[in-house]
Amino acid sequence: MFIPDHNWMDIEARLRLDDRCVLPLGSTEQHAQLSLATDAILAERVSREAAAPLGVPVFPVMPFGLAPYFAEFPGSVSLRVATLLAVMRDLVESARRVGFRRVLVVNGHGGNAPVAALLQEMMAETPGLSLKFHNWYNTPRVWAAALAADGSASHGNWFENYPWTRLAHAPAPEGRKPTPDLARMKASGPAQTREILGDGAFGGPWQIDDATMQKIWDTGVAETREALEGPWQTR
């Protein structure tokens, strides 16, 4: 139940039956030759596919997150930590105000981790509110499937290369990229980060076969649906 495809009356009717909703959270940042919106695309799509059989409303993705380290890659934008937390607090509170009591935040970007602590804080402040922070891409079965495919699964490489994150004018390079000095990158500012990463990928193949990627994707959808189904706080 994708919010843009419905009016307010549809959502009010759904709330009489179910108080769950999904808030996808992404980022707009460099992903080598892939779309700058890769994290947002994946978070929204996995949310919609997971929620569809359950009829749970899915809001449009929040496309901006925390990615200050990629600031020197044109097209990458980042919020301050305080700004992201304020926005997410407002979104969850707005959902709660109209009747949603179980909210699944489906996250597609590792830099957004501070939001998990915010959700814990909000549950402590508001009895009866049940919130989950779900990193769809590193759940147990997704991560196991990724490592079985290739141990290099990481940012901007094959692990995020789906038909829906590719750009027709920018095919993936052949072969494997040597792993950059990621330890040095984590201790560097944006300019040095760009110098260390080159095209932006973290190493390994830029692309693998689509059949393997579809299996990983299907696993991610299944685990996201399981998170949506429960368990939730008992009321």
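See above for the structure.
Residues numbered from 1 in each chain as written. Predicted model: local features only at pLDDT ≥ 70, side-chain atom pairs only at ≥ 80, totals over all residues. Heavy atoms only, no water.

Asker: Sorry if this is basic, but what is going on with the sheet that holds strand S3 (residues 130–135) here?
Answerer: Strand pairing within a sheet occurs via backbone hydrogen bonds; the two strands may be parallel or antiparallel. In space, the 3 strands of this open sheet follow the order S1-S2-S3, with parallel pairing throughout. A single partner strand is all that each edge strand has here, and the edge strands are strand S1 (20–25) and S3. Between one strand and the next, the sheet's axes are offset by a mean angle of 20°, whatever the strand orientation. As defined by bridge partners, S1 adjoins strand S2 (residues 102–107) across 6 bridges and the pair is classed as parallel. Counterpart to Arg20 in the pairing with S2 is Arg102. (Pairing = 2+ DSSP bridges. Helix = DSSP H or I, 4+ residues; strand = E, 2+ residues; numbered from the N terminus. Axes fitted to C-alpha atoms, helices over the stretch in contact; angles between N-to-C directions.)

Asker: Hey, could you run me through the layout of surface pockets in this one?
Answerer: Summary: where empty space remains is shown by rolling a probe the size of a single water molecule over the atoms. Taken as a whole, the largest pocket encloses approximately 530 Å³ of empty space. Secondary structure elements with two or more residues in the lining of the largest pocket: helix H2 (38–51) and helix H6 (182–186). Sorting elements by how many residues they give to the lining of the largest pocket places H6 first, with 3 residues. Of the residues belonging to the lining of the largest pocket, the class tally is 11 nonpolar, 8 polar and 4 charged. Space inside the second largest pocket adds up to approximately 230 Å³. Lining of the second largest pocket is provided by 14 residues; of these, Phe59, Leu91, Ser94, Ala95 and Phe100 occupy positions nearest its centre. Counting only elements with at least two residues in the lining of the second largest pocket, the list comes to helix H1 (8–15), S1 and helix H3 (81–97). With 4 residues, the top contributor of residues to the lining of the second largest pocket is H1. Here the residues of the lining of the second largest pocket sort into 12 nonpolar, 1 polar and 1 charged. (1 Å grid on protein atoms, 1.4 Å probe; cavity = no way out; pocket = protein on both sides within 12 Å on 5 of 7 lines; lining within 4 Å. Points joined across faces, edges and corners; volume = space filled by probe spheres on them. Nonpolar A, V, L, I, M, F, W, Y, C, P; charged D, E, K, R; others polar.)

Asker: Teacher, can you tell me more about the environment of Thr38 here?
Answerer: You can see Thr38 is positioned in helix H2. Between the alpha carbons of Thr38 and Pro63 there is a distance of 9.6 Å; along the sequence they are 25 residues apart. In this view, Thr38 contacts His31, Glu160 and Thr165; residues no more than four positions away in its chain are not counted. (Contact = heavy atoms within 4.5 Å.)

Asker: Help me out: how do you make sense of the packing of aromatic side chains in this one?
Answerer: Two numbers describe a pair of aromatic rings. These are the distance of the centres and the angle of the planes. Tallied over the full model, the rule gives 10 aromatic pairs. Measuring from centroid to centroid gives 5.9 Å for Phe70 and Phe73, while their planes differ by 90°, and the two rings are edge-to-face. Take Phe70 and Phe73: they sit in the same class, and that class is buried. Here Trp158 and Phe159 contribute two aromatic rings whose centre-to-centre distance is 5.7 Å and whose plane-to-plane angle is 65°, an arrangement assigned as edge-to-face. (Phe/Tyr/Trp six-rings, centres within 6.5 Å; stacked < 30°, edge-to-face > 60°. Buried < 20%, exposed > 50% of the residue type's maximum accessible area, 1.4 Å probe, protein only.)

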